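Given next are the chains, with one letter for each unit.
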Amino acid sequence: MRWEDVSGQERPVRLLRGALERGRVHHAYLLAGPEGVGKELLARTFAQAANCEVDDVCARPCGSCQSCRGIERGNFPDVSFLMPQTELLARGLVSRADLEGIPSKEIRVDDVRALARRLSFAALRGRRKIAIVTPADAMNERAQNTLLKTLEEPPAGTTFLLVSTNPDALLPTIRSRCARVQLGPLPEETLAARLRREGVAEGEARERAARAQGSFSRALAAQGEWREVLEQVEDALAAADEREALDLAEAYGDRDAALEVAEAVHAWTRDLLVSRSGGSPQLRELAGRAREVSERVPPHCLLGQAALCAEVIEALHQNGNGRLQLERLLLGTRELRHV
Ligand SMILES: [Zn+2]
């Protein structure tokens, strides 16, 4: 990532970049703004700019050195992410087997303590240790109070980046310790340009940008979310054991989320059948994967999968348990495919 990639947020970029250039970096920033406008992207780009191996003036990350790439992938030792377990699962950063008990939707006091311990050591590879807390409002009150102690006596060479769509949910004492960086909704033109880069046709890009209320994730939702979820579903179906399928069912276990996944899998199954008969699928960005899967899975399995989707969707409409119904869908489909 480069600063230019954080498009449509010139002021926040100038502020953070300027702080690095002048060597006057606060120990904590609160990156606030609506959903899908680039808060986390900005946080990661800042982390790269602070640690890029090529540009050690700290202002312009190259995006391709080992540090930049490590930060992009989320495995650079001096850049820590603090997020709820449900988020870790949803992003595939941990598997269900790594967690004890029910995955937490909150960032808990133990999570903050573990982070503070990691930050108490000197930087291993980079110049500046960065801790990205996302979403910061997922910290419960005890967690916030614990973080507050660290913010009051910050470890040397460390910057905290708190990302939040709802900064008012943070304790005033936390907010007052952070320099606020406010991100606004993205201009329609920026959204349309980014959709075009994702391969969306001109007319559709403009239309979606107009409906997205300044949010890139909303503009992308129709394709991006489905693409990611469906890729995860196919990976779980092809995996050697059931663990990934169970993780997915857990991560999307809320009934509304489960319903969306089941409906996406249903649409995807239709695409697989269409692709099998030589037609072109609706989810164009997954056409390659659709071809690959439909060549491998026989039509009677796909029909069975479609029927199972319909049953699960029906059950969810009737108040069925999200996690259990998704397990039924994923494990049932695995069985259909593996006989
Ligand atoms: Zn670099």
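Residues numbered from 1 in each chain as written. Predicted model: local features only at pLDDT ≥ 70, side-chain atom pairs only at ≥ 80, totals over all residues. Heavy atoms only, no water.

### Considering the pattern of salt bridges
Per the stated rule, a full pass over the model turns up 18 salt bridges. For K105, the salt bridge goes to D254, with nearest N and O atoms at 3.5 Å. Of this pair, K105 sits in the loop between α4 (85-90) and α5 (109-119) while D254 sits in the loop between α11 (243-251) and α12 (255-276), and the two are 149 residues apart along the sequence. Note on K105: relative accessible area 55%, which makes it exposed. On the basis of relative accessibility, which here comes to 45%, the residue D254 falls in the partly exposed class. Put simply, R289 and E292 hold a salt bridge, and the shortest N to O gap is 3.8 Å. Here R289 and its partner E292 are both found in helix α13 (residues 287-296), three residues apart, which amounts to about one turn of the helix. (Salt bridge = Lys/Arg side-chain N within 4 Å of Asp/Glu carboxyl O. Helix = DSSP H or I, 4+ residues; strand = E, 2+ residues; numbered from the N terminus. Buried < 20%, exposed > 50% of the residue type's maximum accessible area, 1.4 Å probe, protein only.)

### Re the domain arrangement of the protein
The domain architecture assigned to the protein consists of domain 1 (3-184), domain 2 (186-214) and domain 3 (221-338). One C-alpha centre belongs to domain 2, the other to domain 3, and the line joining them spans 28 Å. (Domains from an automatic or database assignment.)

### Thoughts on the pairing of strand β1 (residues 28-32)
Among the five residues of β1, five are classified as buried, and the element is accordingly described as predominantly covered. Neither face of β1 is left uncovered, since the one carrying A28, L30 and A32 and the one carrying Y29 and L31 both have all their residues buried. The pairing of β1 with strand β4 (residues 158-164) spans five bridges and is parallel. Bridging across to β4, A32 finds its partner in S164. Both β1 and strand β5 (residues 179-182) contribute to a ladder of four bridges, which runs parallel. Pairing of L31 across the sheet is with V181, part of β5. (Pairing = 2+ DSSP bridges.)

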